[in-house]
Amino acid sequence: MNEAYAIPAVAVVVLATVLIGGFGLRVSRTTSDFYVASRTVGPRLNAAAISGEYLSAASFLGIAGLLLIHGPDMLWYSVGYTAGYLVLLVFVAAPLRRSGAYTLPDFAEGRLESRQVRRVVSLFVVGAGWLYLVPQLQGAGLTLQILTGAPRWFGATLVAAVVVLAVAAGGMRSITFVQAFQYWLKLTALLVPAFFLVLTWHGAGAPPPEAATLAPPSAGVGAGQPLATSRADHPLYATYGLIVATFLGTMGLPHVVVRFYTSPNGRAARRTTVVVLALIGLFYLLPPVYGWLGRLYAPELTATQDADATVLLLPGRVLDGVAGDLLGALVAGGAFAAFLSTASGLTVAVAGVVSQDVLQARGVRHFRLAVLLAIAMPLGGALLVDGVPVADAVGMAFAVSASSFCPLLILGIWWRRLTPPGALAGLLLGGGSALVAVTLTVAGPVTSGWLHTLLAWPAVWSVPVGFLAMILGSLATRDAIPPHTTATMTRLHLPESLGAGALRGRETDGPTQHAAAAPCPDVERGRPGTDPHKDAPHNGDATPCPDARSHSAPARDRPPAASPARDRPSAPGTRPGPPAASPARDRPSAPGTCPGLPTASPVRDRPPAPGTRPEPPTAGGAP
């Protein structure tokens, strides 16, 4: 590959990322901007951003490399990565947005009302995020080494530095624009070269595609790769392990989940997911083309550990002269966009958890410090660990996510009898066992046999373990069901128009009912366009209203508003009879509202209830 074209292409991508991140700094004003872009990202922009961060080095480089080595069986990666969003759409997207949480630990604590569960979920979020970040940095090192001959640590360090600048500058709002731009860049970087490569193959009278597809890999394929032996010994089990991990792991990936908190409401979250399915489905049509062409033009890569470089090397192998150099430069720029976008999304997700649960702060300054902590550990791992194909390393992260967060989200959203002890049991047994399995696979104490296969593809057994442990643990601790479960489940499943909107009542139901119920902090936190740290009190704990009916039923179905003035109990310390002289804030809460919150309007502004006399003025209180 010609360095004279490739290096400027990478430089342009890096510069564009920094400039767009700088623009995000100008529009990011509040803490909510940094964490969830103030929950105002529309479906199309959000879908492009999600697709940009989801299509990682595994998608851009890894799938083509695995197809080159192992053949069409590896198409399950493309199918699984896409189908995972279908599962996310059906079971998780809208309820997760209605929860009003910022991160997965926020959701876990709000649903189960347990600080202990929050801490365990935080550990798994950080672990899964780091496990996913390592292959992104490794892919960057490989790409820059092929382009310039630089050592692999340089590319990993360069991507880490650019990610820190972009994320620390503008947080989630900044990264949204960066990732949307990078999705279209990645799609173009694969689509345009693929078009010219196929035209060249067709015009040169090359062997038909069946010859490349069915040609057996050369001897020694995948030597030194931890998952290659298990695929060769037990291919059917390995395929099922891949399917379970990718189908169920998508919903728990930290950088994917946090994106749905940026949608204005649950309906927008569902629409976003539908658009994402179309965008990533279009992208995943392209890596198989490169894997098939790699069998024709770069078969020697099957005997090395550089099969991930297939996409980078093909333009120069197929086309000579300036055309091959330009297309290679375009692919190199797209590859760096893949590393930067996914690493940025993961860093935002991990930094959000680190700032809230490790640094115990939510300010912008602490978020920027957490960004450095979030990228430092995976950078060290990328420099120390080598020899694992990028797509396989990402598959391990999917297995951990499927074994821990999938049971928590499915049961937490759809099963009201889930308890904190049951959730802890599932997280530790399911997610913990998967994490230990992938660690042993990379470390390499077991290199063959069924034990190695079980450790390399743990999702087949670790996901059922996670579900069973949560269900059995919850049934054994039925007295530990959180007290506000009914109100929380109501908020998760009712549309915003019936959930938060009904709290304020409908205009046709009269002013008395409209003022009767003040919204609870958690519902206010979940309302579109609100900042939980600015618009409502929040101490990290879920505080659902005791009466779920006040959140869901229309005003005409709720208990009647406060009694007329002549029937209202006297304030403490006053004589019965005329209304007390105390201010309105000392009056007992109206039925069906959250205690401790001020009523919707002062006493002097509330019109009398139908059929009652106006309240006489007090002696020393409100006029």
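Structure first, text after, so check above.
None of these values were measured; they are calculated from a predicted model.

J.: Any chance you could break down the packing of helix α20 (residues 420-443) against helix α22 (residues 459-476) for me, citing the residues and the numbers?
T.: Taken N-terminus to C-terminus, the directions of α20 and α22 make an angle of 165 degrees; their axes are 6 Å apart at the nearest point. By the angle class used here, α20 and α22 are roughly antiparallel. You can see that α20 and α22 cross each other, and the crossing is right-handed. Contact residues: α20 offers Gly422, Ala423, Ala425, Gly426, Leu427, Leu429, Gly430, Ser433, Ala434 and Ala437, while α22 offers Trp461, Ser462, Val465, Gly466, Ala469, Met470, Gly473 and Ser474. When the residues that make up the contact of α20 with α22 are grouped by side-chain class, the tally is 10 nonpolar, 8 polar and no charged.

J.: Tell me what's going on with α20, and back it up with residues and numbers.
T.: Taking 1.5 Å of rise per residue, 24 residues should cover 34 Å, and α20 covers 33 Å from first to last C-alpha, within 8% of that figure. Positive backbone phi, approximately 85 degrees, marks Gly444, located one or two places after α20.

J.: Describe the packing of aromatic side chains, with residues and values.
T.: Under the counting rule described, the total for this entry stands at 14 aromatic pairs. Their ring planes at 80 degrees and their centres at 6.2 Å tell us that Tyr54 and Tyr81 sit as a pair that is edge-to-face. Taken together, the positions of Tyr54 in helix α3 (residues 43-54) and Tyr81 in helix α5 (residues 75-91) put the pair 27 residues apart, joining distant regions of the chain. For the pair Tyr54 and Tyr81, a shared accessibility class is recorded, and that class is buried. On the numbers, 5.2 Å between centres and 35 degrees between planes, the contact of Tyr81 with Phe398 is tilted. Of this pair, Tyr81 sits in helix α5 while Phe398 sits in helix α19 (residues 390-414), and the two are 317 residues apart along the sequence. Assigned by exposure class, Tyr81 and Phe398 land together as buried.

J.: Residue-level account of the layout of surface pockets, with values.
T.: Computed from the structure, the second largest pocket encloses a volume of approximately 430 Å³. Along the walls of the second largest pocket sit 19 residues, with Trp130, Leu131, Val134, Gly381 and Val385 positioned nearest its centre. When contributions to the lining of the second largest pocket are tallied by element, the ones reaching two or more residues are α8 (115-148), α18 (364-384), α19 and α20. Considering each element in turn, the lining of the second largest pocket owes the most residues, 6 residues, to α8. When grouped by side-chain class, the residues that make up the lining of the second largest pocket number 14 nonpolar, 5 polar and no charged.

J.: Tell me about the nonpolar core, residues and numbers included.
T.: Counting residues in hydrophobic clusters, the biggest one holds 139 residues, and the most contacted among them are Tyr54, Phe60, Tyr77, Tyr81, Tyr85, Val121 and Val159. The biggest single contributor to this core is helix α9 (residues 152-203), with 18 residues. Beyond its immediate sequence surroundings of up to four residues, Val121 is in contact with Leu104, Pro105, Ala108, Phe405, Leu408 and Leu427. By size, the runner-up hydrophobic cluster in this structure holds 5 residues, among which are Leu68, Ala298, Leu301 and Ala307.

Analysis parameters
- Residues numbered from 1 in each chain as written.
- Predicted model: local features only at pLDDT ≥ 70, side-chain atom pairs only at ≥ 80, totals over all residues.
- Heavy atoms only, no water.
- Axes fitted to C-alpha atoms, helices over the stretch in contact; angles between N-to-C directions.
- Helix = DSSP H or I, 4+ residues; strand = E, 2+ residues; numbered from the N terminus.
- Parallel < 35°, antiparallel > 145°, perpendicular 65-115°, else oblique.
- Left-handed = near helix turned anticlockwise from the far one by under 90°.
- Contact = heavy atoms within 4.5 Å.
- Nonpolar A, V, L, I, M, F, W, Y, C, P; charged D, E, K, R; others polar.
- Expected span 1.5 Å × (residues − 1).
- Phe/Tyr/Trp six-rings, centres within 6.5 Å; stacked < 30°, edge-to-face > 60°.
- Buried < 20%, exposed > 50% of the residue type's maximum accessible area, 1.4 Å probe, protein only.
- 1 Å grid on protein atoms, 1.4 Å probe; cavity = no way out; pocket = protein on both sides within 12 Å on 5 of 7 lines; lining within 4 Å.
- Points joined across faces, edges and corners; volume = space filled by probe spheres on them.
- Core = buried A, V, L, I, M, F, W, Y, C linked by side-chain atoms within 4.5 Å.

Interpretation note: all reported values are geometric properties and have no functional meaning in isolation.
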